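# Secondary and tertiary structure notes
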Amino acid sequence: MIQSKLAGSAYARVLFLCAFAISAISISTNTFAQAKSWPDKPIKLIVGFPPGGGSDAIARIISINLSQMWGQQVIVDNRGGAAGTIAADLVAKSPADGYTLGLAHVNALSIIPALGQKMAYNATTDFTPIVLLGVTPNILIANVDAPAKNVKDLVAYMKQNPGKVSFGSAGNGSTQHLAFELLMHMSGTQALHIPYKGSGPVLVDLMAGHITYAFETMGAATPHIQSGKVIALAQTRTKRSAAYPSLPTMEQLGYAGFEATAWYGLMGPAKLDPKIVDKINADVNTILRKPEVQAKLAEVGAEDGGGSPAAFSKFIVKDRNQWAKLVKDAKLQVDLN
């Protein structure tokens, strides 16, 4: 009787193990088939800013080309608000099936986490970085009647007039704001920060003389630089943009390591199938090599996109750590409300 019970127990275990193995094979086969057939329906690309800005422009350049390549529509879904964090949270909470992607942005994945702000998502663990789409510098610009028209004279003037020189930005916690904070920290100066709700009002007030200086995105600043309504003093990548070959970088002007950029990429929710990630990455890299795509991205100052998912992940971490260091060293406390 005991032997019979033992034999029955062993037989049951064998049946269980066989069933488990068949189930695992079935899941693996289904996952592989899903990844192999992807995409077989439209994909949504969530963008954290309204239509008409640099983020939206880059998203639409990529979405049009991916739609043509995949034979499935890639639909841009603009979900503006809270510096891009609303859109990021939507991506984080979406199914990891490849049919909801997000436009990764410096604000939501780098600056706001570095500022220690409470968020509905974890910027480190809730996303799958896929590919970098491009990096753009900010441009330090001045009113045409500004008292200093180059960086050396500006810093000297700020030291002579602490807290009196006015800088506008697109809002607290924006790359434009952090570029200004970085300048003050590295130069040992103080100036007056005036936050606006976006680049448009900054430029209006700068040209009207209500504020004197601003770090602005290349896409927003360029038309006014070209028309002579504002003056360009420097750019904020460590290398010169192809669009501004004669404009020095802050690093070239003596501020080693000064880098304050906007960057854009593609991301998905955490645990996105590696086969889908690799397909998107390979196809986007192909698109980014097209001369016509490079020309369109250059219009908004986006350069140096492409590379592997791992390289994009390292890029995000490096950028976030840079801003976290500034926050710590300069003892920044930024109210995003």
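It should be noted that the structure appears before, not after, this text.
These numbers were taken from a predicted model, which means no experiment stands behind them.

## Some thoughts on the overall build of the protein
Scanning the protein from N- to C-terminus turns up 11 helices and nine strands. Counting only residues that meet the buried cut, the protein has 48% of its 337 residues in that class. The long-range fraction of contacts in the protein, counting pairs at least 24 apart against all pairs at least 6 apart in sequence, stands at 78%.

## Quick word on the pattern of salt bridges
Within the structure shown, the criterion is met by eight salt bridges. Across the pair D304 and R237 runs a salt bridge, and its minimum N-O distance is 2.9 Å. One end of the pair, D304, is in the loop between α10 (291–299) and α11 (309–329); the other, R237, is in the loop between β8 (230–235) and β9 (261–269), and 67 residues separate them in sequence. A relative accessible area of 40% places D304 in the partly exposed class. Among the ionic pairs, K279 bridges to D283, the shortest N-O distance being 3.2 Å. Of this pair, K279 and D283 both sit in helix α9 (residues 274–288), four residues apart, which is roughly one turn of that helix. Using a relative accessible area of 13% as the deciding quantity, one classes D283 as buried.

## Observations concerning the packing of aromatic side chains
Think of a pair of aromatic rings as described by two things: how far the centres are apart, and how the planes are tilted against each other in angle. Scanning the entire structure with this criterion turns up nine aromatic pairs. Each ring, one from F215 and one from F258, has its centre 6.3 Å from the other, and the planes form 20 degrees; the classification is stacked. With F215 in strand β7 (residues 213–217) and F258 in the loop between β8 and β9, the pair connects residues that are 43 residues apart, well separated along the chain. Residues F215 and F258 agree in their burial class; the two are buried. Cluster of aromatic residues (ring-pair linked, three or more members): F167, F180, Y213, F215 and F258. Above the plane of the ring of Y99 lies K41, whose end atom (NZ or CZ) is 4.7 Å from the centre.

## Let's talk about the side chain of S187
As for its position among the elements, S187 is in helix α6 (residues 175–187). Overall, the relative accessible area of 8% leaves S187 in the buried class. Excluding residues that lie within four positions of it along the chain, S187 makes contacts with V155, K159 and Y255.

## Some points on the side chain of T175
Examined against the element boundaries, T175 turns out to sit in helix α6. Excluding anything up to four places from it in sequence, T175 contacts V106, N107, I111, N138, T261 and A262.

## Focus on the packing of helix α2 (residues 54–70) against α9
Relative to each other, α2 and α9 sit at 115 degrees, their axes nearing to 10 Å. Taken together, α2 and α9 sit at an angle that is classed as roughly perpendicular. Our pair here, α2 against α9, has a crossing hand that is right-handed. For the pair formed by α2 and α9, the contact residues are I62, N65, L66, M69 and W70 on the first element and K279, I280, D283, V284, T286, I287 and L288 on the second. Taken together, the residues that form the contact of α2 with α9 break down as eight nonpolar, two polar and two charged.

## Describing unusual backbone geometry
Cis geometry marks the peptide bond from W38 to P39; its omega dihedral reads -5 degrees. At D304, a residue that is not glycine, the phi angle is positive and equals roughly 65 degrees. Not every positive phi belongs to a glycine, and K331 is a case in point at roughly 55 degrees.

What counts, and at which threshold
- Residues numbered from 1 in each chain as written.
- Predicted model: local features only at pLDDT ≥ 70, side-chain atom pairs only at ≥ 80, totals over all residues.
- Heavy atoms only, no water.
- Helix = DSSP H or I, 4+ residues; strand = E, 2+ residues; numbered from the N terminus.
- Buried < 20%, exposed > 50% of the residue type's maximum accessible area, 1.4 Å probe, protein only.
- Contact = heavy atoms within 4.5 Å.
- Salt bridge = Lys/Arg side-chain N within 4 Å of Asp/Glu carboxyl O.
- Phe/Tyr/Trp six-rings, centres within 6.5 Å; stacked < 30°, edge-to-face > 60°.
- Lys NZ or Arg CZ within 6 Å of the ring centre and 35° of its normal.
- Axes fitted to C-alpha atoms, helices over the stretch in contact; angles between N-to-C directions.
- Parallel < 35°, antiparallel > 145°, perpendicular 65-115°, else oblique.
- Left-handed = near helix turned anticlockwise from the far one by under 90°.
- Nonpolar A, V, L, I, M, F, W, Y, C, P; charged D, E, K, R; others polar.

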